[in-house]
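# Tertiary structure, described
Listed here are the chains, written in short residue letters.
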Amino acid sequence: MIFVAIIIGCLIGALIGINSPIIPYTYSGYLAIAIIAALDSVFGGIYATINKNFDLKIFVSGFFGNAILSILLTYLGQKLNVDIYLAAIVVFVGRMFNNLAIIRRHYLNKFIEYREEKKKKDMDKKEV
Amino acid sequence: MNKKQICITLGIMCFILTFAICIQIRTINTANSTASQTLTDNGLRDEVLKWKEKYDNAYEELKKSEKTLEEVRQKATKNDDSSSKKEEELKINNTLLGLTNVKGSGIIIKLQDANENDSLATSDNISKKLIHNGDLLAVVNELKNAGAEAIEINNQRITNTSSITCEGNVTKINGEKIGSPFEIKAIGSQGLLYGQLTRPGSYLSLMSDDGIIVEVSKSDDISIEKYKGVVNFEYIKAIK
């Protein structure tokens, strides 16, 4: 059910995104930062699901809050002539890699456990 | 929160994310640039785009006002015999000045810089393998000599006030930059134009000897757009 909703959402988003008008080039920088922030939230969400403390409210607020906050900070940085968006990229992408590493380890462990169990079962069968 | 709500929220969020990514990718693709990370570069680029937009808007307005002018003129000359004659005269004058879209039979010349490794080219002077403003001038001259009534190079109409100049590594006609390959359209007597331009010893034959790719073709349906600028004068006065 959840996966279906995600896939449908992605498909509709891609379809409309391909056919929609483009934004002015100046604002594409802000949109890029917002996308990175949102992606960070998504990986954070997956990490939380693995840890079994996923909370939809926190996820949604992080998704939109981070995106909007990063846009505002980038704007502020542009006004102050400081490349704050660089800091945002470092933080978000760094966290993304962290979360990805944790997710990878989790699934790798699962995979190894699964194989060991299979081996045990095979051994049991042979013994029988 | 029940499961349905969770599904809908996640779906909407995925929608927003993919939507944003698609738009971003398309924006970057159309901006057609090597990735420049500095916002100052973006600012400069944006300024150029803004000016272009302004120019386009102004041009559109000019077109509109020209249309209304035409309508007003037609209304004024509706019930008047003498002014309708004037109207016709005006039309002829505008056509002569290159201020109207015209069509007719004539020839199309396609010119392209010589291939770098073309060993057939007799000249080893690399400059001769490129098309310069002087070459275009010579071709236009020959076309006019052969009685061409309307000439256009890469969508730039050649009028009384047009100049063909060399600006560094580009050619400018009517103040607009154009570059190789060139497509020269000319309306006039097909036989005369074709014969004049393809005769042995013509400027085009000299150019093709140097390796420049020349292609001349007749066409019965050539349409040439009007001059997009404004023609005005300050110093000349008619003698009565």
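### What to know about the interface of chain B and chain A
Listed as interface residues are 32 residues of chain B and, on the opposing side, 34 residues of chain A. When chain B packs against chain A, the two sides together hide about 3100 Å² of surface, and 80% of this comes from carbon and sulfur. Applying the counting criterion to the chain B and chain A interface returns zero salt bridges. The tally of links between chain B and chain A comes to four residue pairs in polar contact (both at pLDDT 80 or more). The element that contributes the greatest number of residues to the side of chain B that touches chain A is helix 1 (residues 3-31) of chain B, accounting for 23 residues. Broken down by class, the residue content of the side of chain B that touches chain A amounts to 18 nonpolar, ten polar and four charged.

### So, a nonpolar patch on the surface
Residues and elements named next belong to chain A. A cluster of nonpolar residues, Val 4, Ile 8, Ile 12, Leu 15 and Ile 16, forms a patch on the protein surface that exposes about 440 Å² of accessible area. Structurally, the position occupied by Ile 16 is in helix 1 (residues 2-19). On the accessibility criterion, Ile 16 (38% relative accessible area) is partly exposed.

### Brief notes about the side chain of B:Asp135
All names here are of chain B. Inspection of the secondary structure assignment puts Asp 135 in helix 4 (residues 133-145). Of note is the side chain of Asp 135, whose polar atom sits 2.6 Å from the side chain of Tyr 203. Not counting residues within four places of it along the chain, the set of residues in contact with Asp 135 comprises Leu 130, Tyr 203 and Met 207.

### Remarks on unusual backbone geometry
Leave glycine aside and you will find that most residues have negative phi; peptide bonds, for their part, are mostly trans. All names here are of chain B. Cis geometry marks the peptide bond from Ser 180 to Pro 181, where omega comes out at 0 degrees. Note that Pro 181 resides in the loop between strand 6 (176-178) and strand 7 (182-187). Positive phi values are uncommon outside glycine, yet Asn 154 reaches one of about 45 degrees. Assignment of secondary structure puts Asn 154 in the loop between strand 2 (150-153) and strand 3 (156-157). One non-glycine residue, Asn 155, adopts positive backbone phi at about 70 degrees.

### Some remarks on the confidence of the model for chain B
Of the residues in chain B, 92% have a pLDDT of 70 or more, and the chain-wide mean is 84. Across chain B, element-level confidence peaks in strand 7 of chain B with a mean pLDDT of 93 and bottoms out in helix 3 (residues 81-97) of chain B with 81.

### Describing the side chain of B:Thr171
Residue and element names in this part refer to chain B. Positionally, Thr 171 belongs in strand 5 (residues 170-173). A relative accessible area of 7% places Thr 171 in the buried class. Apart from the residues lying within four places of it in its own chain, the contact partners of Thr 171 are Asn 133, Leu 136, Ile 164, Thr 165, Glu 176, Lys 177, Ile 178 and Phe 182.

### What to know about the packing of helix 3 (residues 56-80) of chain A against helix 4 (residues 84-127) of chain A
Residues and elements named next belong to chain A. At their nearest, the axes of helix 3 and helix 4 sit 8 Å apart, and the two run at 150 degrees to each other. As summarised for this structure, helix 3 and helix 4 are arranged roughly antiparallel, according to the angle between their axes. Contacts between helix 3 and helix 4 involve Asn 66, Ser 70, Leu 73, Thr 74 and Gly 77 from the former and Ile 84, Tyr 85, Phe 92 and Arg 95 from the latter. Broken down by class, the residue content of the contact of helix 3 with helix 4 amounts to four nonpolar, four polar and one charged.

### Things to note about helix 3 of chain A
Residue and element names in this part refer to chain A. The terminal C-alpha atoms of helix 3 lie 35 Å apart, and with 25 residues this matches the ideal 36 Å at 1.5 Å per residue to within 8%. Among the residues of helix 3, Leu 56, Phe 59, Phe 63, Ala 67, Ser 70, Thr 74 and Gly 77 are the ones counted as buried. Its side-chain oxygen placed 3.1 Å from the backbone nitrogen of Lys 57, Asp 55 serves as the N-cap of helix 3. After helix 3 finishes, the residue Asn 81 shows a positive phi value of roughly 60 degrees.

### Side note on the sheet that holds strand 3 of chain B
Residue and element names in this part refer to chain B. With antiparallel pairing, five strands are arranged side by side in an open sheet as 3-2-7-1-8. Each having just a single partner strand, strand 3 and strand 8 (213-224) make up the two edges of the open sheet. Relative to strand 7, strand 2 runs antiparallel, the two being bridged by four bridges. For Ile 151, the partnering residue across the bridge sits in strand 7 and is Ala 186.

### Here's the deal with the pattern of salt bridges
All names here are of chain B. Throughout the structure, instances matching the rule amount to five salt bridges over all chains. A salt bridge links Glu 66 to Lys 226; the nearest nitrogen and oxygen atoms lie 3.0 Å apart. Placement of the pair is Glu 66 in helix 2 (residues 39-76) and Lys 226 in the segment after strand 8, with a sequence separation of 160 residues. For Glu 66, a relative accessible area of 36% corresponds to the partly exposed category. Linking Lys 228 and Glu 225 is a salt bridge whose minimum nitrogen-to-oxygen distance equals 3.4 Å.

What counts, and where the lines are drawn
Residues numbered from 1 in each chain as written. Chains lettered and ligands numbered in written order. Predicted model: local features only at pLDDT ≥ 70, side-chain atom pairs only at ≥ 80, totals over all residues. Heavy atoms only, no water. Contact = heavy atoms within 4.5 Å. Buried area = accessible area lost by both parts, 1.4 Å probe. Salt bridge = Lys/Arg side-chain N within 4 Å of Asp/Glu carboxyl O. Polar contact = N/O pair within 3.5 Å; in protein donor to acceptor, adjacent residues only side chain to side chain. Helix = DSSP H or I, 4+ residues; strand = E, 2+ residues; numbered from the N terminus. Nonpolar A, V, L, I, M, F, W, Y, C, P; charged D, E, K, R; others polar. Patch = residues over 30% accessible without salt bridge, like charges linked within 9 Å, V, L, I, M, F, W, Y side chains within 5 Å. Areas by Shrake-Rupley, 256 points an atom, 1.4 Å probe, with all protein chains shown as cover. Buried < 20%, exposed > 50% of the residue type's maximum accessible area, 1.4 Å probe, protein only. pLDDT = per-residue confidence, 0-100. Axes fitted to C-alpha atoms, helices over the stretch in contact; angles between N-to-C directions. Parallel < 35°, antiparallel > 145°, perpendicular 65-115°, else oblique. Expected span 1.5 Å × (residues − 1). Pairing = 2+ DSSP bridges.

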